[in-house]
Amino acid sequence: MPILDALLNGLTLGGMYALVAMGLTLQYGVARIMNLAYGEFLIAAAFAAYWLFTGFSLNPLAGLLLIVPLAFALNWLIYRVLLAPLVRRAKTRAALEVDSILATFGLLFIVEGIVLVLFGGSYFNYSFLAGVLEVLGTPLALNRLLAVGFALLLGGGLYLLLNHTRRGTAIRAVAVDPVAAQLVAIDVRAAAALAFALGGALVAASGVLVSMFLTFNAAMGVVFTMKALIVVIMGGVGNLAGCLLAGLLLGFAESFVATYIDPGLTIAVNFALFLLVLIVRPHGLFGRVTA
Amino acid sequence: MNGRQLVLPLLGIVALAACAVTPLVGSGYAMSMAINMLMFVSLATAWALFSGPTGYISLATVAFFGIGAYTVAVLGETLPWPLVLVLAALFGCGVALVVGLSTLRLRGVYFVIFTFGLAELMRQLVTWYEANYAGSVGRFVFLDIGQEQIVWQLTAVTAAVFILGWLLKRSRLGLALRMIGDDETVALHCGANTTFAKLIAFSGTAAFMALIGAIVAPRWTYIDPTIAFSPVVSFQVLIMALLGGAGRLYGPALGVIPLVLLFEYLSANFPNYFSILLGVTFMAIVYLVPNGIAGLLEAQLERMRSKPAALPATRPQPNEDAS
Amino acid sequence: MKLRRCRHIIAAVAACAVAGLGIAQAQQPASVRIGYAISKTGPYAGGASTTTLPNYQLWVQEVNKAGGIKLADGRRVPVEVVEYDDRSSSEEAVRAIERLINQDKVDFVLPPWGTALNLAVGPVLDRAGYPHLAVTSVTNMVPQLSKRWENAFFFGDTSSNYAEGVVAVLTQLRKDGKVEGNVAMVNVADQFGIELANAARPALEKAGFKIVYNQSYPIGTQDMQSIVNEMRRRNPDIVLAFSYPPDTIAFTDQAKTLGLNPSVFYTAVGTAFPLFKQRFGDNAEGVMGTGGIDTSSAAIRDYIARHQAALGKEPDRWLSPVTYASLQVLQQAIEKVGSLDRKAVAQEIRNGSFDTVLGTITLKDRVYSGGWMVGQWQNGEFHALAPMSGTGAQPAQVPKPHWK
């Protein structure tokens, strides 16, 4: 049935978009770092998974257990060493935005350069969990379903973490207003570092997951950064539910247009949808209007 | 006007004159460098005329630049060159007007990403249109426009951008733009027509970006949407302008010149480690030159001047906020 | 006085010696300086580091190992390389080539990867009188371009020929009663994909095939589920995807997942890459694509082995051998002329015949037209199918076995 196919494809695609964007909503929404090197970290994780899988025949799912904590630590370090000085010296939020754009732009080149030196510029991929699951007569690739499953799992886990733990509440408070958060004795810097590192861990997880079914090379990071930025902005900065919804909306739009109108217009429709949402709701689907 | 105020315009004129004579004395490579410099100086300066005072960071530069390039690709062989240039500027201006009208409600990062989305949408639509109706995505530009003509045309455009910027700063419009950057609500209450000011500045600078795209296009022979609407151009312009200092008219140029030279030096000497070295130098610049090169220069001058007079250097700084 | 004259004489002798040395040096350069700008970063890096860059490296390595390029006096001079990264940008590519010519004063320039960049640097090379041996530039504009740039040589053929090659194979298969003729086709909305589709569509219709699905998708798309599902619903026995490497992999992968099992399954660029074989293993069997190699040729087999040994990876089975052959052409032309006189070398390339990994080739009208249009994975190797008249062409194996 075409409509069911389109729905399920939209779901897998949208789930992937949400998964890819979730980390950025934490990094940007809470830690206030507009991370332009985001996609490069995703690609780096994909390469790590590839290397572990082809070199040591380590299952990418097991690879997650290795790569994600490593990414968490690395991102925490990056925030503490490289970005915290910028946060400290920035007088206004806008000034921090400019500084973080500039600094992470440099970081983008460094990460891409390292991947390039290690692996070269050619395309890479590998086959893992390429089996098929039939859902109501529509075949779906297992690895793509897995990515959606993870998106939901991580989204749910994060939601619980943010809403039902003390640390999470602190993170949310920082997202809403860093100055006021300080007044109620929240260590803003620690919370921001934690959020940035969590975001980094998430993007590494998504990199490992998408590497199972996408072909990638060192130069592709920027594609993911942009996709993630669009999802985050469309959903409303710092809002997980918005991120999930925006991702799914884009996925459905893409698959329905491809099925019923013209697959040549998928990306155009995505951008049109994004622009439309912003025109109607200038702060995204779930964004709060901040003074 | 005192001597110090004259130094910068004079330096600018000398630099432009140097670019303008490269075709007469320099090699093809020198001309190439001149074109690269002029292109980014004019793009970044035009960008900063709107984004500098208002604080609206635009990533739509390449949308207009690409419109200009495409105008040449489509009309270049049928219409006389000056008319093509005029049309390119008009198209850029027109699209910017429509976009400007629809984005007035957006602020901050929402505006940034919106403008980025706009450029990408443009690329996708052009691709789709070309693929389905023109029967081919790439277009060939075979025009007898030599490098020297490109250099001269770019020099003229760069000069025009600077003159315009200088006039703008002294006009009511310029004041209105600066007020928007300080506080849009206050600007509105003071009776500034903020909508009008933003629109005029946005579409006016867009016309220049389209013009620059049109002038440079004949160098590439082949144009497709991926080339004409490459987001790298937007980012490069943004980074160069921010690095130089978007709050000053001459700021972006101060960012462009060292960065173009740096890019050139690194890619000529370290083709395999270009990315890493560029990234490292870039981060070093961000940490060591926090207020942009214009800010650094000004602080230096300030110190030199205030020393003999022993005056406290606490005079109010002009709006440095480039966001 | 005597001493003084003596001094004069010494000076004169010395001057003569220096001048003579200078002349000798001009006649016998210490090295052949070869320059190229290639996309090490940016969107073209994937193609450039599969097809072009490895062959440049292999060729330079082998030439220098043999002592260099042989000039008129019988001396071999080594190749010295100046390389840049054009960052996949036309503007950068133009400037890099100008730097190579004006600053580095290289003797010869090797072309960048891809149609766009080859066209961008074309005018510069033409103006400076450098031979331009374009390989990875496949476009229908070749005839016009070669008219415009008289030192440009095209090894990549036109897109239409590739599409017509496919149609010729299909027509033969239908004549043999192996396919019925319902075609589902899709193409990437980029120049090469569109030119292929535009040439294939009328040719298919003229040959009496029925096109049941015909769409395009934006470059960079890796989600093909909707397209594959739509194709599946129309039950075609021929599936043609005029695609680029990442989407070639994605399309094949999703066709496999969703069980799209036509008799003929064709994907364009990237099918001939070792990556494809690595990824799909036995499932690659029967898949057709652009390119192909004559597996009966000892020269080709030897080339593949040397490529593997020197660079640690196999070459692709489409333009890699052609790239290598173009370098052999350049080298042999220089050796026949015996000097680095670019004009004479270009003249030699125009008229001479050259012994390469592709066999003996000539460039009639400055175009190499012996390339393979269609290949198919058969028993783990990408055999050439078309042009069917070519020596070494294999018959197509149809129907393609079902995905495992």
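Quick caveat: nothing in here was measured; it's all calculated off a predicted structure. (Residues numbered from 1 in each chain as written. Chains lettered and ligands numbered in written order. Predicted model: local features only at pLDDT ≥ 70, side-chain atom pairs only at ≥ 80, totals over all residues.)

Observations concerning the overall build of chain B
Here comes step 1: Scanning chain B for helices and strands turns up 14 helices and 2 strands.
Here comes step 2: Its C-alpha radius of gyration of 20 Å places chain B within 12% of the 20 Å reference for a compact globule of 323 residues.
Here comes step 3: The principal-axis extents of the C-alpha atoms in chain B amount to approximately 70 × 50 × 40 Å.
Here comes step 4: For chain B, the residues scored as buried account for 54% of the 323 residues in total.
Here comes step 5: Taking contacts inside chain B between residues at least 6 apart in sequence as the whole, the part at least 24 apart equals 78%. (Helix = DSSP H or I, 4+ residues; strand = E, 2+ residues; numbered from the N terminus. Rg over C-alpha atoms; globule rule 2.2 N^0.38 Å. Buried ≥ 20, exposed ≤ 12 C-beta atoms within 10 Å, placed from the backbone. Contact = placed C-beta atoms within 7 Å.)

Describing the packing of helix H2 (residues 28-54) of chain B against helix H3 (residues 90-103) of chain C
Here comes step 1: Between H2 of chain B and H3 of chain C, whose axes approach to 8 Å, the crossing angle comes to 150°. It follows that H2 of chain B is roughly antiparallel to H3 of chain C by the angle criterion. Between H2 of chain B and H3 of chain C lies a crossing whose hand is left-handed. Residues Gly-28, Tyr-29, Ser-32 and Asn-36 of chain B of H2 of chain B lie in contact with H3 of chain C, whose contacting residues are Val-94, Arg-95, Glu-98, Arg-99, Ile-101, Asn-102 and Gln-103 of chain C. (Axes fitted to C-alpha atoms, helices over the stretch in contact; angles between N-to-C directions. Parallel < 35°, antiparallel > 145°, perpendicular 65-115°, else oblique. Left-handed = near helix turned anticlockwise from the far one by under 90°.)

Structural notes on the interface of chain A and chain C
Often, the extent of an interface is quoted as the loss of accessible area on bringing the components together.
Here comes step 1: In this assembly, 31 residues from chain A lie in contact with 34 residues from chain C.
Here comes step 2: Elements represented by at least two residues in the side of chain A that touches chain C include exactly helix H1 (2-29), strand E2 (138-141), helix H10 (240-261) and helix H11 (266-280) of chain A.
Here comes step 3: Broken down by element, the residue count for the side of chain A that touches chain C peaks at 5 residues, all from H1 of chain A.
Here comes step 4: Among the residues making up the side of chain A that touches chain C, the classes are represented as 17 nonpolar, 12 polar and 2 charged. (Nonpolar A, V, L, I, M, F, W, Y, C, P; charged D, E, K, R; others polar.)

Structural notes on the packing of H1 of chain A against helix H8 (residues 225-234) of chain C
How two helices sit against one another is set out by the angle between their axes and by the gap between those axes.
Here comes step 1: Relative orientation of the contacting elements H1 of chain A and H8 of chain C amounts to 160°, with a least axis distance of 10 Å. Viewed along their axes, H1 of chain A and H8 of chain C adopt a mutual orientation that is roughly antiparallel. Here the hand of the crossing between H1 of chain A and H8 of chain C comes out right-handed. Each of Pro-2, Asp-5, Ala-6 and Asn-9 of chain A in H1 of chain A lies in contact with H8 of chain C, whose residues at this interface are Gln-225, Ser-226, Asn-229 and Arg-233 of chain C.

Remarks on the environment of Val-72 of chain B
Residues and elements named next belong to chain B.
Here comes step 1: Locating Val-72 in the fold gives a position in helix H3 (residues 61-75).
Here comes step 2: Sequence separation between Val-72 and Ile-215 is 143 residues, and the spatial gap between their C-alpha atoms is 8.3 Å.
Here comes step 3: Look past the residues within four positions of Val-72 in its chain and what remains in contact with it is Val-84, Ala-88, Val-141, Ala-214, Ala-217 and Pro-218.

Some words on the interface of chain A and chain B
Here comes step 1: The partner chain B presents 34 residues to the 37 residues of chain A that form the contact.
Here comes step 2: Of all the secondary structure elements, the ones that give two or more residues to the side of chain A that touches chain B are helix H3 (60-89), helix H4 (93-119), helix H9 (221-235) and H11 of chain A.
Here comes step 3: No other element matches the 18 residues that H4 of chain A contributes to the side of chain A that touches chain B.
Here comes step 4: Class assignment for the residues of the side of chain A that touches chain B results in 28 nonpolar, 5 polar and 4 charged.

Regarding the pairing of strand E11 (residues 264-267) of chain C
A regular strand carries its side chains on alternate faces of the sheet.
Residue and element names in this part refer to chain C.
Here comes step 1: Residues of E11 alternate between two faces, with Val-264 and Tyr-266 on one and Phe-265 and Thr-267 on the opposite face, all of them buried.
Here comes step 2: As paired strands, strand E10 (residues 238-242) and E11 are joined by 4 bridges and run parallel to one another. For Ile-238, the partnering residue across the bridge sits in E11 and is Val-264.
Here comes step 3: Where the polypeptide runs from E10 across helix H9 (residues 245-258) and back to E11, its parallel neighbour, the crossover connection is right-handed. (Pairing = 2+ DSSP bridges. Right-handed = clockwise from strand over helix to strand, strands pointing away.)

Some remarks on the nonpolar core
Here comes step 1: In terms of nonpolar packing, the biggest core is built from 362 residues, with Ala-45 and Val-231 of chain A, Ala-210 and Leu-211 of chain B together with Ile-97 of chain C touching the most fellow members.
Here comes step 2: Residue contacts for Ile-97 of chain C: discarding those within four places in its chain leaves Ala-37, Val-109, Val-121, Val-124 and Leu-125 of chain C. (Core = buried A, V, L, I, M, F, W, Y, C linked by C-beta atoms within 7 Å.)

Regarding the sheet that holds strand E4 (residues 79-85) of chain C
All names here are of chain C.
Here comes step 1: With parallel pairing, 3 strands are arranged side by side in an open sheet as E4-E1-E5. Every interior strand has two partners, whereas the edge strands, E4 and strand E5 (108-110), have only one. Averaged over all neighbouring strand pairs, the angle between strand axes comes to 25°, with direction disregarded.
Here comes step 2: Note that strand E1 (residues 32-38) and E4 share 7 bridges and pair parallel. Following the sheet pairing, Ile-34 is matched in E4 by Val-81.

Some remarks on the pairing of strand E14 (residues 359-362) of chain C
All names here are of chain C.
Here comes step 1: Sheet topology note: the strand E13 (residues 353-356)/E14 ladder contains 4 bridges and is antiparallel. The residue of E14 that forms the bridge with Thr-356 is Gly-359.
Here comes step 2: Counted between consecutive antiparallel strands, the loop separating E13 from E14 contains 2 residues.

Re unusual backbone geometry
Here comes step 1: Across the junction of Ala-386 of chain C and Pro-387 of chain C, the peptide omega takes the value 5°, indicating a cis bond.
Here comes step 2: Locating Pro-387 of chain C in the fold gives a position in the segment after strand E16 (381-386).
Here comes step 3: For the bond from Val-398 of chain C to Pro-399 of chain C, the omega torsion is 0°, close enough to zero to count as cis.
Here comes step 4: Looking at the secondary structure, you find Pro-399 of chain C in the segment after E16.
Here comes step 5: Here the phi dihedral of Ala-185 of chain A falls at roughly 65°; this positive angle occurs in a residue that is not glycine.
Here comes step 6: Along the chain, Ala-185 of chain A turns up in the loop between helix H7 (178-183) and helix H8 (188-211).
Here comes step 7: By C-beta crowding, Ala-185 of chain A is classed as exposed, having 7 other C-beta atoms within 10 Å.

Quick word on helix H9 (residues 194-216) of chain B
Here comes step 1: Its 23 residues place the ends of H9 of chain B 33 Å apart at the C-alpha level, agreeing with the 33 Å of an ideal helix rising 1.5 Å per residue.
Here comes step 2: Within H9 of chain B, 18 of the 23 residues are buried, which leaves it mostly tucked inside the rest of the structure. (Expected span 1.5 Å × (residues − 1).)

Quick look at H10 of chain A
Here comes step 1: The terminal C-alpha atoms of H10 of chain A, which comprises 22 residues, lie 31 Å apart, in line with the 32 Å expected from a rise of 1.5 Å per residue.
Here comes step 2: When you tally the buried positions in H10 of chain A, you get 16 out of 22 residues, the bulk of the element.

Remarks on the confidence of the model for chain B
Here comes step 1: The predicted model of chain B averages 84 in pLDDT, with 93% of residues at 70 or higher.
Here comes step 2: In the predicted structure, residues 309-323 of chain B sits below a pLDDT of 50 and forms 29 contacts with residues beyond four places in sequence or in another chain. (pLDDT = per-residue confidence, 0-100.)

Digging into the confidence of the model for chain C
When pLDDT drops low, the exact placement of atoms in the prediction is not to be read closely.
Residue and element names in this part refer to chain C.
Here comes step 1: Mean pLDDT for chain C: 89, with 93% of residues reaching 70 or above.
Here comes step 2: Scored below 50 in pLDDT, residues 1-6 makes 0 contacts in the model with residues more than four places away or belonging to other chains.
Here comes step 3: A low-confidence stretch, residues 10-25 (pLDDT under 50), is modelled with 0 contacts involving residues beyond four sequence positions or located in other chains.
Here comes step 4: Scored as a complex, the prediction yields pTM 0.85 and ipTM 0.84.

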